[in-house]
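Each chain, written out:
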Amino acid sequence: MEILGIGAGYVGGPTMAMIADKCPEHRVTVVDINEEKIARWNSDNLPIYEPGLDELVQRVRGRNLFFSTDVDEGIRRADMIFVTVNTPTKSFGYGSGYASDLQYWELTARKIKENSDRPKIVIEKSTVPVRTAAAMERILHSESNGVNFEVLSSPEFMAEGTAVRDLNDPDRVLIGGRHDTETGRKAMDAVVDVFANWVPRERIICSNIWSAELSKLTANAFLAQRVSSINAISALCEKTEADVNEVALAIGMDDRIGSMFLKPSVGFGGSCFKKDLLSLVYLCESYGLTEQAEYWHQVVKMNEHQMERFAKRVINQMFNTLAGKRIVIMGCAFKADTGDTRESPGLTVARYLLDERADLVLSDPKALENARIDMADAPVRYIEDPYEAAQGAHALVVCTEWAQYRDLDFEAIYAAMNKPAFVFDGRNILKHEELFEIGFHVFPIGKKALTRFETS
Ligand code: NAD
Ligand code: UDX
């Protein structure tokens, strides 16, 4: 079978590489309109960083995985098409700031229609509002030339930083389609067969197409809600000397709650949570479900508040003046093990501190290439090495939970910094007592500050 992926981004690249690896009998092509991206997928300098991805791509590229900019030709050859184009938040017109911008999806559907002279299976992998497949079916079958398209929804649940692991061993694969027609059932079976090459059958679940679309938005909303919930509690901990890590441990041991996604933080980032929550809010509003829209909106608002609250703490604790002080943002990636900076809390905090005219240094082991693009308008410096970044600094502000930050030589860093030296740990990853012993003033999230000063 010829399998095509349209959109060679964070989802399309790794997902199609995994399918190629697990299904050597199929030929897999990934196309994108972005020439530079495709050139990088065809080089040793892949456009995204993911643990294990280089090895995976090297194993299959040129064997049964191919990257190309020829979208039309890719479609003509394909029997099965996975669509993984971006669906960002709309930034204009009706629904601006909330609704999903489906222009890339719609363009793709039109391209598929133009270049098809035989039946094809089209699978939405992009995250879309519920009932998007109906619109796509209408486009594909408009002025029909007799070609039948089966549109299915198989949302992707992988997370960045663990994409290869998640794709290799997914909790579940969800395939939504039409059980009520013969061609619909056949299409679902064909997609199930692809994943059954490596995913145990009991973890491949089939549903109706609308449930599949809605499950993706719902999963991200629930995950984001947990982070906002623990972050809301972190603020209360800071007022009461309760320790949010102890609270998270205590509640997480209740099987009904579970221990995952209870890590307090400077806030959640990434290209999905905020976008998908806002899409859910818009969807509820558009069906007249105002209370439900407000409920989910609060998860986003709590997150924005957490990032602002964290930045304000930095300002307040440093005597309400940052002008000219060298401050190091440790971590520009939105989470560890990725170079992705989309909606990164580190860069959001950086903007707040820049408003105070801090002399900012951005540091990160993998994300400086993207940070330079995002912060191109800002007067900041980029220094990858934390030791060099900390020279003469007044404060370290940890925004990403990179494992290597835990074991830095903080004695040496302290010696090189301006005094009093501050650490704001927006991920609670450092050894706070040890830092305090060295001489730092330490401000974790949701825990008592360790400082020789009066706290406010
Ligand atoms: P991305 O921006 O990294 O990649 C999308 C790619 O699609 C881009 O390279 C873009 O050039 C390409 N593209 C756009 N229009 C095109 C067209 N007409 N023809 C060919 N290529 C086109 O986005 P992403 O992070 O991979 O996300 C893609 C989708 O998957 C989104 O809907 C997102 O919500 C969803 N998703 C993302 C993640 C994640 O972790 N990033 C996880 C699950 C689901
Ligand atoms: C998310 C979903 O997890 C994934 O299933 C979906 O397919 C895409 O969206 P991703 O955004 O890549 O994945 O990363 P995720 O691990 O969910 O983290 C999102 C943000 O929440 C990060 O900024 C992370 O640091 C933060 N987070 C996560 C916390 O602050 N605390 C936690 O306990 C967990």
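See above for the structure.
Residues numbered from 1 in each chain as written. Chains lettered and ligands numbered in written order. Predicted model: local features only at pLDDT ≥ 70, side-chain atom pairs only at ≥ 80, totals over all residues. Heavy atoms only, no water.

> Residues and numbers for the site of ligand 2, please.
Surrounding ligand 2, one finds 20 residues, the nearest of these being Phe157, Met158, Lys216, Ser265 and Arg427. Residue Ser265 places a side-chain N or O atom 2.6 Å away from an oxygen atom belonging to ligand 2. At 2.6 Å from an oxygen atom of ligand 2 is found a side-chain nitrogen or oxygen belonging to Arg427. When the free accessible area of ligand 2 is taken as 660 Å², the share hidden by the protein chains comes to 92%. (Near = heavy atom within 4 Å. Polar contact = N/O pair within 3.5 Å; in protein donor to acceptor, adjacent residues only side chain to side chain. Areas by Shrake-Rupley, 256 points an atom, 1.4 Å probe, with all protein chains shown as cover.)

> Break down the packing of helix α11 (residues 273–286) against helix α12 (residues 290–317) for me, citing the residues and quoting the values.
At their nearest, the axes of α11 and α12 sit 8 Å apart, and the two run at 160° to each other. The pairing of α11 with α12 is recorded here as roughly antiparallel in orientation. Relative to α12, the crossing made by α11 is left-handed. Contacts between α11 and α12 involve Lys274, Leu277, Leu278, Leu280, Val281, Cys284 and Glu285 from the former and Thr290, Gln292, Ala293, Trp296, His297, Val299, Val300 and Glu304 from the latter. Within the contact of α11 with α12, the residues separate by chemical class into 9 nonpolar, 3 polar and 3 charged. (Axes fitted to C-alpha atoms, helices over the stretch in contact; angles between N-to-C directions. Helix = DSSP H or I, 4+ residues; strand = E, 2+ residues; numbered from the N terminus. Parallel < 35°, antiparallel > 145°, perpendicular 65-115°, else oblique. Left-handed = near helix turned anticlockwise from the far one by under 90°. Contact = heavy atoms within 4.5 Å. Nonpolar A, V, L, I, M, F, W, Y, C, P; charged D, E, K, R; others polar.)

> Lay out the site of ligand 1 with the relevant residues and their values.
Close contacts around ligand 1 come from 25 residues, with Asp32, Lys37, Thr87, Glu160 and Lys275 the closest. One of the backbone nitrogen or oxygen atoms of Val11 is found 2.9 Å away from an oxygen atom of ligand 1. Between Thr87 and ligand 1, the recorded distance is 2.6 Å, taken from a side-chain N or O atom to an oxygen atom. Calculation on ligand 1 without its partners gives an accessible area of 830 Å², and the protein chains cover 92% of this total. Taken together, the residues of the shell around ligand 1 sort by class into 8 nonpolar, 10 polar and 7 charged. For the shell around ligand 1, the domains that each give at least three residues are domain 1 (2–199) and domain 2 (245–456). (Domains from an automatic or database assignment.)

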